[in-house]
Amino acid sequence: MATASTTSTFDVLRIREDFPILNRKVNGQPLVYFDNAATSQTPQQVIDVIVDYYSNYNANIHRGVHALSQEATDAYEQARIKLQKHFNIPQAYQTLFTSGTTHGINIVASGFSEILKAGDEIIVSALEHHSNIVPWQMLCEKTGAVLKVIPMTDSGELDMNAFDALLSAQTKLVFVNHVSNALGTVNPIEEIIAKTHQVGGAVLVDGAQASPHIKADVQALDVDFYVVSGHKMCGPTGVGMLYGKEAWLEKLPPYQGGGEMIDQVTFEKTTYAGLPHKFEAGTPNICGGIAFGAAIDYMNAIGFDAIAAYEHELLVYATQQLLEIEDLRIYGESKDKTAVISFNVGSIHPYDIGTILDKLGVAVRTGHHCAQPIMDFYKIPGTVRASFSFYNTKEEIDVFVAAVKKAVSMLG
Amino acid sequence: MSSIQEIQQEIIEEFEMFDDWMQRYEYMIELGKSLPLIDDKYKTDEYIIKGCQSKVWVHADFNEGNIEFTADSDAIITKGIIAILIRSFSNQPPQAILDADTSFIDKIGLKEHLSPTRANGLVSMIKQIKLYAVAYQAKAES
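Residues numbered from 1 in each chain as written. Chains lettered and ligands numbered in written order. Predicted model: local features only at pLDDT ≥ 70, side-chain atom pairs only at ≥ 80, totals over all residues. Heavy atoms only, no water.

1. Focus: the overall build of chain B
- In terms of regular secondary structure, chain B is built from six helices and three strands.
- Listing every helix and strand of chain B by position from the N terminus yields α-α-β-β-β-α-α-α-α.
- For 142 residues, the compact-globule formula gives about 14 Å, and the C-alpha radius of gyration of chain B, at 15 Å, lands near that figure.
- Considered along the principal axes of its C-alpha atoms, chain B spans approximately 50 × 35 × 25 Å.
- Out of the 142 residues in chain B, the part that is buried amounts to 49%.
- Relative to all contacts within chain B whose residues are 6 or more apart in sequence, the contacts with residues 24 or more apart total 62%.
- Roughly 7100 Å² of accessible area belongs to chain B as shown, and the carbon and sulfur atoms make up 49% of that amount.
- If the 14 positive side-chain charges of chain B are averaged to one point and the 23 negative ones to another, these points end up 7 Å apart. (Helix = DSSP H or I, 4+ residues; strand = E, 2+ residues; numbered from the N terminus. Rg over C-alpha atoms; globule rule 2.2 N^0.38 Å. Buried < 20%, exposed > 50% of the residue type's maximum accessible area, 1.4 Å probe, protein only. Contact = heavy atoms within 4.5 Å. Areas by Shrake-Rupley, 256 points an atom, 1.4 Å probe, with all protein chains shown as cover. Lys, Arg positive; Asp, Glu negative; His and termini not counted. Charge placed at Lys NZ, Arg CZ, Asp CG, Glu CD.)

2. Description of the interface of chain B and chain A
- Taken together, the contact between chain B and chain A spans 18 residues of the former and 16 residues of the latter.
- The contact between chain B and chain A buries some 1500 Å² in all, and 59% of this surface belongs to carbon and sulfur atoms.
- Our count for the chain B to chain A interface comes out at four residue pairs in polar contact (both at pLDDT 80 or more).
- Elements with a minimum of two residues in the side of chain B that touches chain A: helix 2 (21-34) and helix 3 (76-89) of chain B.
- Residue contributions to the side of chain B that touches chain A peak at six residues, all from helix 2 of chain B.
- Along the lines of polarity and charge, the residues of the side of chain B that touches chain A split into eight nonpolar, five polar and five charged. (Buried area = accessible area lost by both parts, 1.4 Å probe. Polar contact = N/O pair within 3.5 Å; in protein donor to acceptor, adjacent residues only side chain to side chain. Nonpolar A, V, L, I, M, F, W, Y, C, P; charged D, E, K, R; others polar.)

3. Re the nonpolar core
- Counting 156 residues, the largest nonpolar core has Phe87(A), Tyr226(A), Phe390(A), Phe400(A) and Met125(B) as the members making the most contacts within it.
- By residue number, the principal contributor to this core is helix 10 (residues 286-302) of chain A, which donates 10 residues.
- Both of domain 1 (4-36 + 304-411) and domain 2 (48-301) of chain A provide at least three residues apiece to this core.
- Other than its neighbours up to four places away in sequence, Met125(B) contacts Ile49(B), Val56(B), Val58(B), Ala71(B), Ile82(B), Leu85(B) and Ile86(B).
- Among the nonpolar cores identified, the runner-up in size contains 25 residues, and Leu96(A), Phe112(A), Leu116(A) and Phe225(A) belong to it. (Core = buried A, V, L, I, M, F, W, Y, C linked by side-chain atoms within 4.5 Å. Domains from an automatic or database assignment.)

4. Brief notes about the confidence of the model for chain B
Residue and element names in this part refer to chain B.
- Across chain B, the average pLDDT comes to 87, with 96% of residues at or above 70.
- Across chain B, element-level confidence peaks in helix 4 (residues 94-99) with a mean pLDDT of 94 and bottoms out in strand 1 (residues 48-50) with 78.
- Scoring the predicted complex yields pTM 0.90 and, for the interface, ipTM 0.87. (pLDDT = per-residue confidence, 0-100.)

5. So, the sheet that holds strand 2 (residues 55-63) of chain B
Residues and elements named next belong to chain B.
- Strand order in the open sheet made by the three strands is 1-2-3, with antiparallel pairing throughout. Sheet topology places strand 1 and strand 3 (66-73) at the edges, where each strand pairs with a single neighbour. Direction aside, the axes of adjacent strands within the sheet are offset by 25° on average.
- Relative to strand 2, strand 1 runs antiparallel, the two being bridged by three bridges. Note that in strand 2 the partner of Ile49 across the bridge is Val56.
- On the sheet, helix 6 (residues 122-141) packs against strand 1, strand 2 and strand 3 and is oriented at approximately 20° with respect to strand 2. (Pairing = 2+ DSSP bridges. Axes fitted to C-alpha atoms, helices over the stretch in contact; angles between N-to-C directions.)

6. Let's talk about the side chain of Thr355(A)
- Mapping Thr355(A) onto the fold places it in helix 12 (residues 350-359).
- Leave out the neighbours within four places in its chain, and Thr355(A) touches Tyr25(B), Ile77(B), His113(B) and Arg118(B).

7. Here we look at the confidence of the model for chain A
- In this model, chain A carries a mean pLDDT of 92, and residues with pLDDT of at least 70 account for 94%.
- Throughout residues 1-6 of chain A the model reports pLDDT below 50, and contacts reaching past four residues in sequence, or to other chains, amount to 10 contacts.

8. With respect to the domain arrangement of chain A
Residue and element names in this part refer to chain A.
- In terms of domain boundaries, chain A breaks down into domain 1 (4-36 + 304-411) and domain 2 (48-301).
- A C-alpha centroid distance of 29 Å is found between domain 1 and domain 2.
- In this assembly, 31 residues from domain 1 lie in contact with 31 residues from domain 2.
- Between domain 1 and domain 2 the total buried area reaches about 2500 Å² when both faces are included, carbon and sulfur atoms providing 60% of it.
- At the junction of domain 1 and domain 2, the tally comes to one salt bridge.
- Salt-bridge contacts for Arg329 lead to Asp154; the nearest nitrogen and oxygen are separated by 4.0 Å.
- Joining domain 1 to domain 2, the criterion identifies 10 residue pairs in polar contact (both at pLDDT 80 or more).
- Of all the elements in the fold, those that place two or more residues in the side of domain 1 that touches domain 2 are helix 11 (304-323), strand 13 (328-331), strand 14 (340-345) and helix 13 (372-378).
- Tallying contributions element by element places helix 13 first for the side of domain 1 that touches domain 2, with six residues.
- Across the side of domain 1 that touches domain 2, the residue classes break down as 16 nonpolar, seven polar and eight charged. (Salt bridge = Lys/Arg side-chain N within 4 Å of Asp/Glu carboxyl O.)

Laid out in structure tokens, this is it:
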């Protein structure tokens, strides 16, 4: 199709060869995978690392004198350094492995439960994922701190004037996602961080949705905590990272008791191990951590600038095609957004569109995307969300748009 | 009046007329549109079954030994399946409802809609239908 010709020099067809799953069929149709904001697919290079780990050097780390344990420990610690360099983290020990973004958030929330007192304030944004809201509600219940919410505007952006008004000397922690999972809005985290620091508060940024598209530099951002998940970045599920400024990581108490996080144990007193082990109790997801490192290498070999430019091209193309459909409304119209399109067509329920799209081989997400407050704001039950990755093509967007049209003709 | 088994056999035969999934879905969507709507006074939180994806409302009345179900959903495909389930289970005595199963849904190629992972409220709706049957059975015996 002439309209679908790729104008950039990005060699997407070559890249697609790295992803075996893209060859499969769903309901007899070639798979079009547009649910990348939920989880990204895994390239062969990362799958090979997982197979190699279990085939050749599977062992517990940090405690064995034997060769396998040493090899596994080395590989795991090298992966930590890959993450450190990628996010420009000052020291490897500030690069903590977690089970994912939610775990990272809970480590910080749990740590702050020892710091906050009644009357302190936590600010979260209205664009949050559920997992971002619940730990803070629990924290407020426990400490008597007060939860404040930065409202959103109709275009799906944070109301920054309202944010200014919420900030005060009582603000102890601000919590915001770098990119909204439901709408794709890129939030002005630089401004939020600078203003929060002016009143003496700390900022935790959820980078889960940003990390597949934007290379965050935690030192340039001056962010206090930054959390990500491996499975959004072409890595496996069950592994993630928490970055924290050193002073904060020293100040926060350990999250869990167990192996690795202790220095000395007697029945009278246990002293905690230093960073990062203080927050890494028990046997970690060793293979996951190593594969996460390999995934970061894979994405960097393609290059985040090239990825962002190509994905933007896909976003613009898909937006134009979709808006030709009558009564289609896109939610989240920020000028600065990642390759996510959340939409509804007339009064058709998103679940119905998603069901027909699945029959046609197109995988999208439907529902409230764990961001019910956003859906309540727009007074809708949910949206259909298509999210693109650098391995998607304009031809796939054509298949997707035709499938949406077919669904609308059946359901309308 | 036909038994649940006879009705389910009828539905299976109707769906056998279709060549592909698209025709089956178009028929189901039509059924959804023709579903007698639940009385608005029952479309409240008391009668709601919250799926993660779509909402379902179910209400039951007991008339002359039979349970009459009315239901609705905010999603039309869910509503189509509801129409099929209501046709099968409504205006039947409690014991017949308790004895019946939903395997006919597999036979008409719509099994995936009754999967709990679908989170559309239908699995809970069937449970609710059975619970109404248990309740009215107990009431009839007392």
